[in-house]
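Architecture and fold: a report
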Amino acid sequence: MEFSVVICTWKRHEEINKAISYYQRFSDDIVVWDNGNVSDYIENKQEILVIKPSLNLGSCAKFKATAFTRNNYVLISDDDVIPEEGFAEDLCFTLSSFDTPYLNLLAIFGRRFPEGGGYNHDENQRFRARDIKELTPVDFLGQLYFGHRNFFTVDIQNTKSVYDDVMLIHLQNVVHKDLKRWVLPTKHYHYSSDMIGKHELCNQPEFYDKRDKLSKAIYARDIDVMNRVLHGGDV
């Protein structure tokens, strides 16, 4: 299966070359979205496309970067997810096993939303690829995505908030009504040693509260709230 690779970076560089070197064995179309001067540490930049945006687009970067890829399928990864031997094979085998791979999206992390919506805090409803033994359906995906590029070309250009991954769920559901989201089982990856930082979105005080409110609004189809977020407002 041919696929492009997008790595979205933010100041984490300790293992970025390890990730790039691994993916170069499987793809000749690699895009690094450099949101924190990580490109200063990248070796052999001439072999990949490095984009240094003039604006910090936050988690919207994955949607912008996809526009620069060439293949129908794309792997989009945070810079702290480092692949190990067998990782790409697990992704390609799992996606290819579907009768309609273009209607399925894989990730290494996911959540199930409770009835009525909400960014679930229940540990039992959070699923990590390295902790599960079978393909698991979820409502929300994160950290690393693998699927058809069309899932990431939805109109999210005006969003300037920390809720973009949650808003993506709504936009994908509107455009791709048959899309199914899964966390696949694989242990062939690790998180980089510089993964955790106090400036990360997930460590901001209001992060979970705001995503919780937005996911409930999406479940209730509260158009006013969704429109505010799409135009850079608050929930």
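Our subject is the structure that appears above.
All figures in this text were calculated on a predicted structure; none of them were measured in a lab.

Glancing now at the overall build of the protein. Across its full length, the protein carries six helices and eleven strands. Restricting the contact set of the protein to residue pairs at least 6 apart, pairs at least 24 apart contribute 75%. With the model as given, the accessible surface of the protein reaches about 11,600 Å², and the carbon-plus-sulfur share is 48%.

Attention now moves to helix α1 (residues 16-24). Every buried residue belonging to α1 is among Ile16, Asn17, Ala19, Ile20, Tyr22 and Tyr23, and all of these are buried. Where α1 is buried, its residues meet β1 (4-9), β2 (30-34), β4 (73-78), β5 (81-83), α3 (87-96) and β9 (140-148).

This part is about the nonpolar core. Within soluble globular proteins, side chains that are nonpolar generally end up buried alongside one another. Grouped together as the largest cluster of nonpolar side chains are 54 residues, with contacts concentrated most on Tyr23, Ile108 and Phe152. If you look at the next biggest cluster of nonpolar residues, it comprises five residues, including Leu214, Ala217, Val225 and Met226.

Glancing now at unusual backbone geometry. Among all residues save glycine, negative phi is the norm, and among peptide bonds the norm is trans. Positive phi, normally seen in glycine, also occurs at Asn44, with a value near 55 degrees. With respect to the helices, strands and loops of the structure, Asn44 is situated in the loop between β2 and β3 (49-51). Of the residues examined, Asn44 reaches a relative accessible area of 43% and is grouped as partly exposed. Its identity is not glycine, yet Gln143 carries a phi of approximately 75 degrees, on the positive side. With respect to the helices and strands, Gln143 occurs in strand β9.

Scanning all chains against the criterion turns up four salt bridges. One salt bridge connects Lys18 with Glu15, and the closest N-O pair in it is separated by 3.0 Å. We classify Lys18 as partly exposed; its relative accessible area is 47%. Look at Glu15 and you get buried, because its relative accessible area is 14%. One salt bridge connects Asp28 with Arg70, and the closest N-O pair in it is separated by 3.3 Å. Separated by 42 residues along the polypeptide, Asp28 in the loop between α1 and β2 and Arg70 in the loop between α2 (61-66) and β4 bring together distant segments of the chain. In terms of burial, Asp28 and Arg70 fall into one category: exposed.

Rules behind the numbers
- Residues numbered from 1 in each chain as written.
- Predicted model: local features only at pLDDT ≥ 70, side-chain atom pairs only at ≥ 80, totals over all residues.
- Heavy atoms only, no water.
- Helix = DSSP H or I, 4+ residues; strand = E, 2+ residues; numbered from the N terminus.
- Contact = heavy atoms within 4.5 Å.
- Areas by Shrake-Rupley, 256 points an atom, 1.4 Å probe, with all protein chains shown as cover.
- Buried < 20%, exposed > 50% of the residue type's maximum accessible area, 1.4 Å probe, protein only.
- Core = buried A, V, L, I, M, F, W, Y, C linked by side-chain atoms within 4.5 Å.
- Salt bridge = Lys/Arg side-chain N within 4 Å of Asp/Glu carboxyl O.

Purely geometric stuff here, so don't read any function into it on its own.
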